[in-house]
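# Results of the structural survey
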Amino acid sequence: MLEKIPEQIKRLAVVIAIIIAAVIAIRFVILPSSLVDRQFHRRSTVEREVAKNIAFAGATVCGTCHVDQMAKKSKGYHKNVSCETCHGAAQTHIENPANKPPAPRGREFCVLCHAYDPSRPTGFPQINPVVHNPLKPCMTCHSPHDPVPPEAPRECSACHAQIANIKSASPHALIGCTTCHTAPAQHKINPRRVAPTKPETREFCAKCHGKEAKQKDAPKIDFSSHGERFLCWECHYPHLPERTATKR
Amino acid sequence: MIDRRKFLKKAIWFIPAAGLFRHFVKEGHAKPATEGYDPANHLYGMGIDIDKCIGCGRCVEACKTENNVPKEPFFTRTWVERYTIKKDNSVEVENIESRNGKVGDRSTESDVLRSFFVPKLCNQCEHPPCVQVCPVGATFSTEDGVVLVDSKRCIGCRYCIQACPYGARYLHPETRTADKCTFCYHRIVKGLLPACVEVCPTQARIFGDLKSMASRLVRFKRTKRIHVLKAHLNTEPKVYYGNLDGEVR
């Protein structure tokens, strides 16, 4: 069998076997594993990534020079707003103070956050830029570093506009919010953390709507027989109390 | 013309030369990327507080400045979506563009049940589908939990862009390679916050180290009801949404 293979083929087979052995030896023995290993490429990628330029310097650096503005800002509503949110990336300003970062002064910038948008969380201060002192730059009344409104909102409707609108068309329109709710002073500063009180008992409504109540124009009902198992607000929405309650 | 004897003599020299070359490559390998930073001690993640996002787009703007992302709205590493849920339970999703500042007035639409903003970015998955599909091994997870792209290896085939279930990747029009959020890797290894977290005016984005019990992110995860996007895909995202509506995909 083996004798039948021509001599030149045998020699060729030996040459091919040597080539294959050499390739395997180069690939697995001579070539450094780091050339084949992905770890090497990954490390160089990480190095390239780490070496990238920083554009935003970070919130704490600004205070080392701009002490006054930082002190003012740290007490106001914008205390958690980073300087670079409004002034833009400032790493170049730190490297060379002559590169002044921009300071937005018109009306266009503030409304990015403070224009009314129903998707925004309730309690976030928002205005309608069309009717809120049109053409006046925001800075004339509100200092951006300590944006206290010229007057703290006295009316609840400043934030609770939807409820105020509903109530204004209801029989309760002339009753002030504070008749039923007591709002601690802190509620204006931390609206979500400090909530105003809500009347939760039947006796509270009975002060006007009970049979013995002195209020003349309020509809009177007998609290001993009327919906005794329920609290008043479970059938009557207090901000828009219908004459006849929703039937259950 | 080289004769056989000369060729064999030169080939003998090749072997020790290769050994020397191997030694030098190993030397380069051992150098750490950043002084005093050990990626094994960190695992990064981000929390997003839906109740706080006001959809102002500062994060998108800052990301583009920090990472040289093209300014056109089509190219984004992070973006903000507005979800509007109608009374008939239909859901509308639109992308809030970074600079326009104008927001559609939905207050007149009486059929809206609720509406809110959802910032989105690369979820830096524990099991990233984009890494699995890359034919040249150009994208990978680092030890500290960030998925990076090797822009010199990437051939721009767009497989990963297709594979990402969150649509978080795009093809950079200048380099013609895949690009994505890196949690601002060049910032976080130096102890800075990612640019989007830095500029967020309402702290809707919370960045932190999952391996540090004192990090804000760990506290956020403990105190909020946490959801991740497309949990059924088992990608194990490291972007955690607090108080997220069930309609968000």
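Look a little higher up for the structure.
A brief look at the structure comes next. Because the structure is a prediction, the values reported are computed rather than measured.

Calculation notes
Residues numbered from 1 in each chain as written. Chains lettered and ligands numbered in written order. Predicted model: local features only at pLDDT ≥ 70, side-chain atom pairs only at ≥ 80, totals over all residues. Heavy atoms only, no water. Contact = heavy atoms within 4.5 Å. Buried area = accessible area lost by both parts, 1.4 Å probe. Salt bridge = Lys/Arg side-chain N within 4 Å of Asp/Glu carboxyl O. Helix = DSSP H or I, 4+ residues; strand = E, 2+ residues; numbered from the N terminus. Pairing = 2+ DSSP bridges. Phe/Tyr/Trp six-rings, centres within 6.5 Å; stacked < 30°, edge-to-face > 60°. Buried < 20%, exposed > 50% of the residue type's maximum accessible area, 1.4 Å probe, protein only. Lys NZ or Arg CZ within 6 Å of the ring centre and 35° of its normal. Core = buried A, V, L, I, M, F, W, Y, C linked by side-chain atoms within 4.5 Å.

## Quick look at the interface of chain B and chain A
Taken together, the contact pairs 54 residues of chain B with 43 residues of chain A. In total, chain B and chain A occlude about 4200 Å² of area from one another, counting both sides; carbon and sulfur atoms represent 61% of this. Seen at the junction of chain B and chain A, the total is two salt bridges. Asp150(B) is the salt-bridge partner of Arg48(A), the closest N and O atoms lying 2.6 Å from each other. Of all the secondary-structure elements, those providing two or more residues to the side of chain B that touches chain A are helix H1 (4-29), helix H2 (58-67), strand E4 (112-121), strand E6 (147-149), helix H5 (185-188) and helix H6 (195-199) of chain B.

## Comments concerning the pairing of strand E3 (residues 91-96) of chain B
Residue and element names in this part refer to chain B. Direction of pairing for strand E2 (residues 78-86) relative to E3: antiparallel, over a ladder of six bridges. Looking at E3, one finds that Glu-81 is bridged to Asn-95. Turn length for the E2-E3 hairpin, with the two strands adjacent in sequence and antiparallel, is four residues, and the turn residue Asn-89 shows positive phi of about 70 degrees.

## Structural notes on the pattern of salt bridges
Here the structure, examined in full by the defined rule, presents 14 salt bridges over all chains. Asp179(B) is the partner of Arg77(B) in a salt bridge, and the nearest nitrogen-oxygen pair spans 2.8 Å. Residue Arg77(B) is found in the loop between H2 and E2, and its partner Asp179(B) is found in strand E8 (residues 178-179); the two are separated by 102 residues along the sequence. Across the pair Glu126(B) and Lys238(B) runs a salt bridge, and its minimum N-O distance is 3.4 Å. Here Lys238(B) lies in the loop between strand E10 (226-227) and strand E11 (239-242) and Glu126(B) lies in the loop between E4 and helix H3 (129-133), a separation of 112 residues in the sequence. Members of the salt-bridge network, linked through shared partners, are Asp117(A), Arg82(B) and Glu94(B).

## Considerations on the packing of aromatic side chains
The final tally for this structure, using the stated rule, is five aromatic pairs over all chains. Summarising the aromatic geometry, the rings of Phe75(B) and Tyr170(B) are spaced 5.9 Å apart at their centres and angled 55 degrees between planes, so their arrangement reads as tilted. Of the two residues, Phe75(B) sits in the loop between H2 and E2 while Tyr170(B) sits in strand E7 (residues 170-171), which places them 95 residues apart along the sequence. Of the two residues, Phe75(B) and Tyr170(B), both sit in the buried class. Aromatic ring contacts, followed pair by pair, group Tyr44(B), Phe183(B) and Phe207(B) into a single cluster. Against the face of Phe28(A) rests Arg27(A), its NZ or CZ located 4.6 Å from the ring centre.

## Topic: the nonpolar core
Ranked by internal contacts, the top residues of the largest apolar core, which has 42 residues, are Met46(B), Val118(B), Phe183(B), Tyr185(B) and Tyr241(B). Secondary-structure elements contributing two or more residues to this core are helix H3 (38-50) of chain A together with strand E1 (44-49), H2, E2, E4, H5, H6 and E11 of chain B. By size, the runner-up hydrophobic cluster in this structure holds eight residues, among which are Cys134(B), Ala138(B), Val147(B) and Val149(B).

It is worth stressing that arrangement in space is one thing and function is another; only the former is reported here.
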